[in-house]
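One letter stands for each residue in the lines below.
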Amino acid sequence: MSTTTYVFPLGLQVDAQHLLILQAITPYKNCDEAKSVNRAKSKIVTLTGDMTEFNYHKEYVVASDETKRLTNPLRKIVEDKEMPTNPDRELLNLSVGDPTFFGNLPIHKLMKEAVIEAVGSEKFNGYGPAHGLLCARQAVAKHYTTPEAPLTEDDVIIACGCAGALEFCFSVLGNPGQNILVPRPNHPLDFCVAVSRGLNARYYKLLPERQWEADIDHMEQLIDKDTVAIVVVNPSNPCGSVYSKQHLLDILAVAKKYFLPIVADEIYTDLVFKGQLSYLIATLSKNVPVLSCGGLAKKYLVPGWRVGWILIHDRNSRLKKEVIPSLIKVSRKSFGITTLVQAALPQILEKVPQSYYENTMSLVEANANIVYAELSVVAGLTPVMPSGALYMMVGVELDKFPHISTAIDFMEKLMLEESVYILPGECFQYAGYIRVVLLLPNDMVKEACIRIRHFCGRHYVQ
């Protein structure tokens, strides 16, 4: 009587009385061959005789490989931890990059009126084109077009926030096994979606001693035949850096040399301190195609409205044949984002004055000055002064804090003792640093700095 050994995925139960052999099940001619299979991941069953069928059921439903690759270290660290606070101190939250969180930055009245008008018109209650309403795409193109980087409505795709725009780009630009270059430190959304789709993230260094400029030599060393794009985040979350014109030209030179497109996360465009200039990288590009991702979230203080966009700058028509049609296809995976906010975009982009976001940046810059002045004199801390965006990175000399092992440990103990909530650098792939949000009212920022100083004073050892 013949015997055959079958290897089943762990989690399957086999009913030998109603036998069903599926093509996906691998037969082994003898038990020795089957023993080579990893028993921690498989169930081995030996059948005897003329049995030709199995009936089986799975003990659990298996998730896709894509979701198993999906990880967001920021969410994982923040949401998976229960962090007790000091009950005698009010919580000061310097971790949240949501400009609405503290209630001190109301949205402009013209934005409310624009949305109310769209609702009242009764014209935008149905589905719109998946890649965006014509009026919305025209408004975005008009707002961002320049002589150096002209745009029409055909160069704009509306997405679900800047994160959705980045997801579209990463869905189109590479295949599993290929790679993208991503800055480190970085915001997780600049790489986690790409990694979930099977792309490899290669991290080029940002240099704190040079105000977080990219290490151009390191960037170039990472490029190989499987590199499909360079991601540039400017102004930067989490660093608060704002790149000079020359530095952006240096990055473009690398992209040109290796025929790579740029994916630009430019959600913080124009959010810079007084005297600083913010360049859209496409305005400097003559040969390198750029997919610029932006949105309303930060500049207009409405992250919950979930309106973002891709600006397609197709230098030398290198995106025309495949990438642009593919971006349209990807947008059609859904019915598009809310038509009401899209309909309000023309008025928002045209009528909301520059003073609106300048007021925001006045608060942020004042807070940056407070944090830098207060923490620069704290032994064991090295703040890096930002030039824009909404954040500051602060170095922690962990070797001088013998009872604190990592920046995550620093975060937890600071919460427990002082009820001050910051994010550790591990959220941004950068150990040994913490990130401070600069959106709070000035008095709360000052109080947080005082508590951090007291905390460090207790734990620092010369």
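This text gives an overview of the structure that appears in the document. Residue positions are counted from 1 within each chain, in the order its sequence is given. Given that the model is predicted, a residue must reach a pLDDT of at least 70 before its local features are reported, and side-chain atom pairs must reach 80 or more before they are shown or counted; all residues, however, enter totals for whole chains, interfaces and linings. In computing side-chain properties, one takes all heavy atoms of the structure into account and sets aside hydrogens as well as water.

1. Quick word on the overall build of the protein chain
Right, on to step 1. A tally of helices and strands in the protein chain yields 14 helices and 19 strands.
Right, on to step 2. The classification of residues rests on relative accessible area computed with a 1.4 Å probe and restricted to protein chains. Under 20% of the type maximum is buried, over 50% is exposed, and intermediate values are partly exposed. Counting all 462 residues of the protein chain, 53% fall into the buried class.
Right, on to step 3. Nonlocal contacts in the protein chain, meaning residues at least 24 apart in sequence, comprise 75% of its contacts between residues at least 6 apart.
Right, on to step 4. Approximately 21700 Å² of the protein chain is accessible, and the part contributed by carbon and sulfur atoms is 52%. Secondary structure elements are defined from DSSP: runs of H or I of at least 4 residues count as helices, runs of E of at least 2 residues count as strands, and each element is numbered from the N terminus. The contact criterion used throughout is that any non-hydrogen atoms of two residues lie within 4.5 Å. Per-residue and other accessible areas were derived by the Shrake-Rupley procedure at a 1.4 Å probe size, with only the shown protein chains allowed to occlude residues.

2. A closer look at empty space enclosed by the protein
Right, on to step 1. Lining residues are defined by having an atom within 4 Å of a point belonging to a cavity or pocket. Those points lie on a 1 Å grid over the protein atoms alone, cavities being sets where a 1.4 Å probe fits but cannot get out and pockets being open sets with protein on both sides within 12 Å along at least five of seven lines. Grid points are joined across faces, edges and corners, and a volume is the space filled by probe spheres set on the points. Inspection of every chain in the model, using the stated rule, returns one cavity of 30 Å³ or more.
Right, on to step 2. In terms of lining, the largest cavity is formed by Tyr144, Glu266, Ile267, Thr269, Leu280, Ser292, Cys293, Gly294, Gly295, Lys299, Trp309 and Leu311.
Right, on to step 3. Breaking the lining of the largest cavity down by element, the ones donating at least two residues are β13 (290–295) and β14 (308–313).
Right, on to step 4. Top contributing element to the lining of the largest cavity by residue count: β13, with four residues.
Right, on to step 5. Each residue belonging to the lining of the largest cavity can be placed in one class, and the counts come to six nonpolar, four polar and two charged. Charged residues are taken to be Asp, Glu, Lys and Arg, nonpolar residues to be Ala, Val, Leu, Ile, Met, Phe, Trp, Tyr, Cys and Pro, and polar residues to be all remaining types, Gly included.

3. What to know about the environment of valine 341
Right, on to step 1. Here valine 341 lies in helix α11 (residues 339–351).
Right, on to step 2. Valine 341 gets classed as buried once you look at its relative accessible area, which sits at 8%.
Right, on to step 3. With sequence-adjacent residues up to four places away left out, valine 341 is seen in contact with Leu296, Trp305 and Val307.

4. With respect to the packing of aromatic side chains
Right, on to step 1. Aromatic rings from Phe, Tyr and Trp, with only the six-membered ring used for Trp, were paired whenever their centres fell within 6.5 Å, and each pair was classed as stacked if the ring planes differed by under 30 degrees, edge-to-face if by over 60, and tilted otherwise. This structure, assessed with the given rule, holds 10 aromatic pairs.
Right, on to step 2. Summarising the aromatic geometry, the rings of tyrosine 144 and tryptophan 309 are spaced 5.8 Å apart at their centres and angled 50° between planes, so their arrangement reads as tilted. Residue tyrosine 144 is located in helix α5 (residues 134–144), and its partner tryptophan 309 is located in strand β14; the two are separated by 165 residues in the primary sequence.
Right, on to step 3. Aromatic side chains tyrosine 430 and tyrosine 433 sit 5.2 Å apart centroid to centroid with 55° between the ring planes, which places their arrangement in the tilted category.
Right, on to step 4. Put simply, the rings of Phe401, Phe410, Phe455 and Tyr460 touch in pairs and so form one group of aromatic residues.

5. Observations concerning the sheet that holds strand β16 (residues 391–396)
Right, on to step 1. One open sheet holds the four strands; their spatial order is β15-β16-β19-β18, and the pairing between them is antiparallel. Strands with a single pairing partner mark the edges of an open sheet, and in this sheet they are β15 (381–384) and β18 (423–424).
Right, on to step 2. DSSP calls a pair of strands paired once it identifies at least 2 bridges connecting them. Of the strand pairs in this sheet, β15 and β16 are connected by four bridges, and their pairing is antiparallel. Directly across from valine 384, in β16, lies its bridge partner methionine 393.

6. Comments concerning the nonpolar core
Right, on to step 1. Among buried residues, those of type Ala, Val, Leu, Ile, Met, Phe, Trp, Tyr and Cys that are joined through side-chain atoms within 4.5 Å constitute a nonpolar core. Among the nonpolar cores identified, the biggest contains 112 residues, and Leu296, Trp309, Ile310 and Phe410 are the most heavily contacted of them.
Right, on to step 2. Of all the elements, helix α12 (residues 354–376) adds the most residues to this core, at nine residues.
Right, on to step 3. Those residues in contact with isoleucine 310, other than ones at most four positions away along the chain, are Asp155, Val156, Ile157, Ala165, Phe168, Cys169, Leu291, Ser292, Cys293 and Leu327.

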